Amino acid sequence: MSVLFATSEAYPLMKTGGLADVSGALPAALTELGVTVRLVLPRYGDLALREDQTTEHVAHIDVLGQPVDILQTVMPDSGVPVYLVDHPTFSARQGNPYMGPDGNSWHDNPDRFALFARAAVALATGDVDPEWQPDVVHANDWQTGLIPALLHEADKPKTVFTLHNLAYQGVFDRSTFERLGLPWSLWRPDGLEYWGNMSFIKGGIVFADRITTVSPNYAREIQTHEFGYGLDGLLRHRRDSLVGILNGIGSDWDPEQDTALVTNYSQADLAGKKENKAALQKELGLPIRDDVPLIVHVGRLVEQKGIDLLIQALSMLGQRDVQFACLGSGEARFEQALRARAEADPERIAVRIGYDEGLAHRMEGGGDAFIMPSRFEPCGLNQLYSLKYGTVPIVHQVGGLADTVTPVTPASLRDGTATGIVMNHLDMNAILWSIDEFDALFRRPDDLSRVRKRAMAQHYDWGASARSYLDLYRAITKPDAQ
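Now for a quick tour of the structure. (Residues numbered from 1 in each chain as written. Predicted model: local features only at pLDDT ≥ 70, side-chain atom pairs only at ≥ 80, totals over all residues. Heavy atoms only, no water.)

Considering the sheet that holds strand β5 (residues 81-86)
Logical step 1: The nine strands are arranged β3-β4-β5-β2-β1-β6-β7-β11-β12 in an open sheet whose pairing can be described as mixed. Sheet topology places β3 (56-63) and β12 (242-244) at the edges, where each strand pairs with a single neighbour. Averaged over neighbouring strand pairs, the angle between their axes works out to 25° when direction is ignored.
Logical step 2: By the bridge criterion, six bridges tie strand β4 (residues 66-74) to β5 in an arrangement that is antiparallel. Counterpart to L71 in the pairing with β5 is L84.
Logical step 3: Its contacts with the sheet put helix α1 (residues 18-32) on β1 (2-6), β2 (36-42) and β6 (136-140), and the angle it makes with β2 is roughly 160°. (Pairing = 2+ DSSP bridges. Helix = DSSP H or I, 4+ residues; strand = E, 2+ residues; numbered from the N terminus. Axes fitted to C-alpha atoms, helices over the stretch in contact; angles between N-to-C directions. Contact = heavy atoms within 4.5 Å.)

Quick look at the structure:
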């Protein structure tokens, strides 16, 4: 079995969110199962190549009259081969791969990712390396949505398309479709056409042999009007080809071995968690107190994550004796509001704008709880990290959060299944309720210890997820597969 894994980001080479974590970990886990996997992603200007990491020029191709170089390197640690699509629209820019310093999407994103798709197709069809052609091309999110569409036209390798977040669809006007030189056979309601515009993500949904999402519950949710973003009818039409496979977490997220922590700890010995909490409080400038709960949040500061509601709740803490710490970046209005809350309440609130991988690990290790008030959450990774670190997740019951967190109730405390605080609906008052629920749990040390240990006993490694993907690849490449 050979697979070309197409993605717009992969950790540690480039990361803006969970897609990068999946794209870095899943190919490595598949490789351990004997699958021959090669990644392909753009050669961004500030790709995080290590000093000792070499790249080799393997091909020069023409994409609609534009010269494109194909380079090859390997993923650090795993050694999985990586093709890099080198073109000035990627390599001449620094920073976020999708948007400029002003926070707006790059004006030529459709041109950039259409070019990337055509380069991936050239790799998939053997035009770059005639000696290697994948059995399956696995594309991810809207940036790669044209790949299944173009391969369908070529009737070449089987395709899998994974929806990591349906909210981002890559919708552009008809003139963009014409400029991109795409086959006119794709401009139809059951193709790329979407209410008079074109949709990259629709190309993946319509033309892939199988569609996956990153949790079973999200696969059900996106077939509804509430979560389907206008594509729920199409997804219901393709429901027999749609499956949810829960994400895993990598071995770098493990409190027993995490080098970012002040001290390591385990399910059997939680003593180190107290030391990590004190060190995190000191690092963030919060009073060092073990008698109050420290609730943390790491993520993108956007409405999807419920950050607006969380900010409202922080302004209504009243006399609650709790601490809150946030690490993230996103919309300027949310960054400014969080800074203002921290300045107004420095004894209880600490905020770091930006992203720091080491600090993200220390917040999981030192936090008592991790709050995720997401309006929707395809899978979520932070709640999985939190379970692993015994940092009680506080979540809204949607998507993968519902699949992975068992609510604390009198019954679940009795039978030992509780792993987190779960909000059945989402608004500011629900968030304040969840904070109070965790505060009450925090002040019952025996119950808190049992919930932490039950959480840490959960297993969400990539091995199980990779086996599910391998089964899917085998199913669509069988001689009798339809």
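Some words on the environment of D427
Logical step 1: Relative to the helices and strands, D427 resides in the loop between β18 (421-423) and α16 (428-442).
Logical step 2: Of the polar contacts made by the side chain of D427, one reaches the backbone nitrogen of A430; its length is 2.7 Å. (Polar contact = N/O pair within 3.5 Å; in protein donor to acceptor, adjacent residues only side chain to side chain.)

As for the side chain of N247
Logical step 1: Looking at where N247 falls in the secondary structure, it is placed in the loop between β12 and α9 (271-284).
Logical step 2: Accessibility expressed as a relative area gives 5% for N247, which makes it buried.
Logical step 3: Aside from chain neighbours lying at most four places away, what touches N247 is V22, V214, C379, L381, L384, W462 and S465. (Buried < 20%, exposed > 50% of the residue type's maximum accessible area, 1.4 Å probe, protein only.)

What to know about the side chain of S241
Logical step 1: For S241, the position within the fold is in the loop between α8 (232-237) and β12.
Logical step 2: Among the residues examined, S241 registers a relative accessible area of 16% and is labelled buried.
Logical step 3: In this structure, S241 is in contact with D209, R210 and I211, ignoring residues within four places of it in sequence.

So, the packing of α1 against helix α18 (residues 462-477)
Logical step 1: Where α1 meets α18, the axes come as close as 9 Å, and the angle between the chain directions of the two elements is 70°. If you check the angle between α1 and α18, you find them roughly perpendicular. The segment α1 lies against α18, with V22, A25, L26, A29 and L30 engaging W462, A466, Y469, L470 and Y473. (Parallel < 35°, antiparallel > 145°, perpendicular 65-115°, else oblique.)

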